[in-house]
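Here's the letter readout for the chains.
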Amino acid sequence: MVLLLISPDGVEEALDCAKAAEHLDIVDVKKPDEGSLGANFPWVIREIRDAVPADKPVSATVGDVPYKPGTVAQAALGAVVSGATYIKVGLYGCTTPEQGIEVMRAVVRAVKDHRPDALVVASGYADAHRIGCVNPLAVPDIAARSGADAAMLDTAIKDGTRLFDHVPPDVCAEFVRLAHASGRLAALAGSVKQADLGPLTRIGTDIVGVRGAVCEGGDRNAGRIQPHLVAAFRAEMDRQAQEHAVGVPAVN
Ligand SMILES: O=C[C@H](O)COP(=O)(O)O
């Protein structure tokens, strides 16, 4: 089963997520105006933790981070202390796998010393070539060698281009394969639309992350998360999962 992660930008949108709680699996706190994986305030994470049903894990992005392991480890600790149990780190400022591993090792230690059951997610960017950071296919190995629990891809530049525009489905499939080979979860995001759910399901993605697709007008900045769009997105995920399970070729 593919898990659905939805990213509200604050308490108000998290309450809208709570209205659609039966359709989603993870509430992911971020601050989109501070970047693709922009970090929100600790008190917002705490309020959102209190606002969504206790059985829904709260995730928090720690930011599009620089190559500064100490700074990032402290930020990650802040997120877990505030109640998040998925800690996502965007390796924006890491230009080599070694830098990514160094940052993620520090994060894993900071997070797991405080809360051993929290999940740490190493995120790269599908459009890494546009920002000069580490190659997407290096991320599963960074996750494995640092002890992170999941490898993720998102897009850094939210200009309407999508995950598959930068990393086509066959390369995403390799990403998933590499993550699974080392026992990690594979999470994929990046202006994902319902039409992308067929390939995402077929390649065995564990977590799909979205914001824009469940916002009014598909607009991740001006639009607000709509519970009925979350329900519709989930319905399409379920349809794809069912078709995949019975081996019927999906339309998309
Ligand atoms: O973690 C997932 C991101 O929030 C994806 O946002 P997006 O669907 O607007 O690109």
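Numbers given for residues are sequential positions, taken from 1 along each chain in its written order. At least 70 in pLDDT is required for a residue's local features to be given in this predicted model, at least 80 for side-chain atom pairs to be given and counted, and no such filter applies to totals for whole chains, interfaces and linings, which use all residues. To get the side-chain values, take all heavy atoms of the structure and skip hydrogens and water.

By the naming in an unreviewed UniProt entry, the protein chain is (5-formylfuran-3-yl)methyl phosphate synthase, taken from Streptomyces graminearus. UniProt positions are given in the numbering used here, feature names are shortened, and annotations may be inferred rather than shown by experiment. Check the Catalytic activity (unreviewed entry) section of the UniProt entry for the protein chain; it says "2 D-glyceraldehyde 3-phosphate = 4-(hydroxymethyl)-2-furancarboxaldehyde phosphate + phosphate + 2 H2O". Here is the UniProt Function (unreviewed entry) comment for the protein chain, exactly as written: "Catalyzes the formation of 4-(hydroxymethyl)-2-furancarboxaldehyde phosphate (4-HFC-P) from two molecules of glyceraldehyde-3-P (GA-3-P)."

Undergrad: Provide a residue-level description of the site of the ligand, including the pertinent values.
TA: Being near a molecule or strand, for a residue, comes down to having at least one heavy atom within 4 Å of it. Contacts to the ligand come from 16 residues, most closely from Ser7, Lys30, Lys158, Ser191 and Arg220. The side chain of Lys88 places a nitrogen or oxygen atom 3.1 Å from an oxygen atom of the ligand. We define a polar contact as two N or O atoms separated by no more than 3.5 Å, with the added condition that, inside protein, one atom must be a possible hydrogen donor and the other a possible acceptor, whereas residues neighbouring each other in sequence contribute only through side-chain atom pairs. A distance of 2.6 Å is found between an oxygen atom of the ligand and a side-chain nitrogen or oxygen belonging to Lys158. Accessible areas in this description were obtained via Shrake-Rupley with a 1.4 Å probe; residue shielding takes into account the shown protein chains only. Summarising the interface, the protein chains cover 100% of the accessible area of the ligand, which totals 300 Å² for the free molecule. For each structure, a 1 Å grid was placed over the protein atoms alone; sets of points admitting a 1.4 Å probe that cannot get out are labelled cavities, open sets with protein on both sides within 12 Å along at least five of seven lines are labelled pockets, and lining residues have an atom within 4 Å of a point. Whether a molecule lies in a cavity or pocket depends on its atoms, and more than half of them have to be within 2 Å of the grid points. Put simply, the ligand lies in the largest pocket. Secondary structure follows DSSP: runs of H or I at least 4 residues long count as helices, runs of E at least 2 residues long count as strands, and numbering of each begins at the N terminus. Mapped by element, the contributors of at least two residues to the shell around the ligand are strand S6 (150–154) and strand S8 (207–210).

Undergrad: Quick rundown of the environment of Pro8? Include the residues and the values.
TA: Topologically, Pro8 is positioned in the loop between strand S1 (3–6) and helix H1 (11–19). When the C-alpha atoms of Pro8 and Lys31 are compared, they prove to be 8.2 Å apart, with 23 residues separating the residues in sequence.

Undergrad: Lay out the pairing of strand S7 (residues 185–189) with the relevant residues and their values.
TA: Counted residue by residue, S7 has 4 buried out of 5 residues, so it is predominantly covered. The pairing criterion is simple: DSSP has to find at least two bridges between the two strands. Sheet topology note: the S6/S7 ladder contains 4 bridges and is parallel. Across the sheet, the residue bridging to Met152 is Ala187, located in S7. For S7 and S8, the ladder comprises 3 bridges, and the chain directions are parallel. Using a 1.4 Å probe on the protein chains alone, a residue whose accessible area is under 20% of its type maximum counts as buried, one over 50% counts as exposed, and one in between counts as partly exposed.

Undergrad: Outline the nonpolar core, listing residues and values.
TA: Within the largest apolar cluster, 65 residues are counted, with the highest numbers of intra-cluster contacts made by Ile6, Val89, Met104, Val107, Leu163, Leu188 and Phe233. Ranked by residues supplied to this core, first place goes to helix H4 (residues 97–114) with 6 residues. Any two residues whose heavy atoms approach within 4.5 Å at even a single point are treated as in contact. Not counting chain neighbours up to four residues away, the residues in contact with Ile6 comprise Cys17, Leu24, Ile26, Val27, Asp28, Val210, Val214, Ile225 and Val230. Nine residue types can take part in a nonpolar core, namely buried Ala, Val, Leu, Ile, Met, Phe, Trp, Tyr and Cys, and a core is a set of them joined through side-chain atoms within 4.5 Å.

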